[in-house]
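# Summary of the model geometry
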Amino acid sequence: MITFEEAFRIVMESAFHTGKEEVGIAEAAGRALAEAIRSDMDMPPWNKSAVDGYACRHDDLGSVLEVIETIPAGTMPSLPVLQGTCSRIMTGAAVPEGADYVFMLEESEESAGGGVRFTGRPGNDNIARAAEDLFSGQTVLRPGHYIKPQDIAVMATVGATVVTVRCRAKVGIISTGSELVEPDKRPAGAQIRNSNASQLLAQVARAGADGKYYGIAVDEEESIEKLLRQALEENDVVLISGGVSFGDYDLVPKVMRSVGLTMLFDQVAMQPGKPLTFCTGDKKAVFGLPGNPVSTFVQFEVMVKPFLDRMAGVVEKEPQISMPLGADYSRKRAERLAWIPFTVTPAGEALPLEYHGSAHISALTGAWGLITIPRGQSWIQKGEMVNVRQI
Ligand code: AMP
Ligand code: MG
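A brief structural summary.

Conventions used here
Position numbers for residues start from 1 in each chain and track the written sequence from start to end. Written order decides the labels, with chains lettered from A and ligands numbered from 1. Residue-level local features of this predicted model are given only where pLDDT is at least 70; pairs of side-chain atoms are given and counted only at 80 or more, and the full residue set underlies all totals for whole chains, interfaces and linings. Note that water and hydrogens are dropped before the side-chain values are worked out from all heavy atoms of the structure. Each aromatic pair joins two rings of Phe, Tyr and Trp (for Trp, the six-membered one) with centres within 6.5 Å, and gets the label stacked for planes under 30 degrees apart, edge-to-face for over 60, and tilted for any other angle. A helix here means a DSSP run of H or I that spans at least four residues, while a strand means a run of E at least two residues long, and both kinds are numbered starting from the N terminus. Burial classification: accessible surface area is computed with a 1.4 Å probe over protein chains only, and a residue below 20% of its type maximum counts as buried, one above 50% as exposed, and the rest as partly exposed. To qualify as a nonpolar core, a set must consist of buried Ala, Val, Leu, Ile, Met, Phe, Trp, Tyr and Cys residues joined through side-chain atoms within 4.5 Å. Segment limits for the domains were obtained from an automatic or database-derived domain assignment. Between two residues, a contact is recorded if the distance between any of their heavy atoms is within 4.5 Å. When we say a residue is near a molecule or strand, we mean one of its heavy atoms is within 4 Å of it. The term polar contact refers here to a pair of N or O atoms within 3.5 Å; inside protein, the definition further demands a hydrogen-donor-capable atom paired with an acceptor-capable atom, and it admits residues adjacent in sequence only when both atoms are side-chain atoms. In this description, accessible areas are obtained by the Shrake-Rupley approach with a 1.4 Å probe, and a residue is regarded as covered only by the protein chains that are shown.

### Description of the packing of aromatic side chains
Ring pairs (aromatic) are described by centroid distance and by the angle formed between their planes. Scanning the entire structure with this criterion turns up 10 aromatic pairs. Ring plane angle 75° and centroid distance 6.2 Å describe the contact between Phe278 and Phe307, whose orientation is recorded as edge-to-face. With Phe278 in strand β20 (residues 277–281) and Phe307 in helix α6 (residues 293–311), the pair connects residues that are 29 residues apart, well separated along the chain. Here the two residues Phe278 and Phe307 agree in accessibility, since each one is buried. Through successive ring pairs, a cluster of aromatic residues spans Tyr54, Tyr101, Phe103 and Phe118.

Now the structure itself:
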């Protein structure tokens, strides 16, 4: 059995890049950028008014000013502002030549002769300087950046309507277990519903990869081998749940070897999911995930998702977030790194939830995230800082 850290290192080192493709801006969210994006203009392109008001000379703030024109957003000023004059200006319009201050409509008063007067106290000039946000040629997004909605806005701003991203990794999903029926069937006798396949498809989609489900293999070598060969043929990565522990019918590791894969580990000191199995082939990676639904879920989050990110070239690392523990925690044995579900209290503490173990998937629906319990630690006091991740 190896440590989680060792297993993680092996998995990360096994990652290989998918190819690149161009996508339109509308399809770019959730993808990993493969080539840098540069700005093709300054932002703002000119000194810009940040408010609706009057553009004038700072020196004139104490005087009644003649209004020489109105400048809506979308129209360039046509007259310079000279001593004793101002231009009525709207938010987002270019500040006219000669003006170095914009006072807000709310701080103005029209005077009898048609002029306008500043009634506030001088402070911020309410002018956004040309290029203060972005300059022409500036790299705005780097390769390996995971594209979020706010990045889409930046791409639109700089005219990057077609961008180069990593191809989505193709991920085949197989469930094993003679007890399984698909979720639309009512289980009879010794059967239960297959929850892992649907869950993994959703996790794969959330990770920005392209999942495909291959069905349930019964606990017989031929059945597993048939689906595994097919999934390997058509995908970069295969996730196969169940059948990796040491029971009489746990045949997945044997089949992995028989189809020519190289096994890199088959036991990890982690909880849930000690029998996590990982093997590779030529530009192929196969994860054997223990079948209990919480094991499958957690192992995807802590191992498979970082692997898929690495394949996509994502450079941003998951941040280390810690929170104070909301209640005392203890466990009998501490030889494994563990993850337990928690909710956030109004006081901002991580409160462990009722959790019966790796079959208790419904415990995760009310969870904000998972607390990491370090190896070797069997007792943590309320208030101590613990590492957490959102799920
Ligand atoms: P295994 O890893 O095959 O020994 O399975 C461990 C436990 O997880 C058993 O109780 C299985 O019935 C259950 N299990 C295995 N695969 C699934 C699945 N796809 N959906 C729900 N439960 C499963
Ligand atoms: Mg099984």
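Right, picking up where we left off after that structure.
### Things to note about the nonpolar core
Judged by nonpolar contacts, the single largest core of 40 residues is most densely connected at Leu239, Phe265, Phe287, Met303, Phe307 and Leu308. Looking at this core, the elements that each hand over two or more residues are α1 (4–13), β13 (170–176), α3 (196–206), β17 (237–241), β21 (284–289), α6 and β24 (337–344). Among the elements that line this core, the one with the most residues is α6, at 10 residues. Each of domain 1 (2–17 + 168–311) and domain 4 (321–390) contributes no fewer than three residues to this core. Residues in contact with Phe287, not counting those within four places in the same chain, are Val11, Val237, Val238, Leu239, Ile240, Met256, Thr277, Phe278, Met303, Val304 and Phe307. Listed in part, the 20 residues of the second largest apolar core include Ile174, Val252, Val255 and Met263.

### Structural notes on the site of ligand 1
The immediate surroundings of ligand 1 are formed by 18 residues, with Glu179, Asn194, Ser195, Gly243 and Gly291 found nearest. Here an oxygen atom of ligand 1 sits 2.8 Å away from a polar atom, N or O, in the main chain of Gly243. Contacts to ligand 1 include Asn292, whose backbone N or O atom sits 3.2 Å from an oxygen atom. When ligand 1 is considered free in solution it has 480 Å² of accessible area, and contact with the protein chains removes 78% of it. Listing elements by their share of the shell around ligand 1, those giving two or more residues are β13 and β15 (192–193).

### Re the environment of Glu222
You can see Glu222 is positioned in helix α4 (residues 221–234). Residue classification places Glu222 among the exposed positions, given a relative accessible area of 56%. Measuring from C-alpha to C-alpha, the distance between Glu222 and Ala32 comes to 37 Å, with 190 residues separating the pair along the chain.

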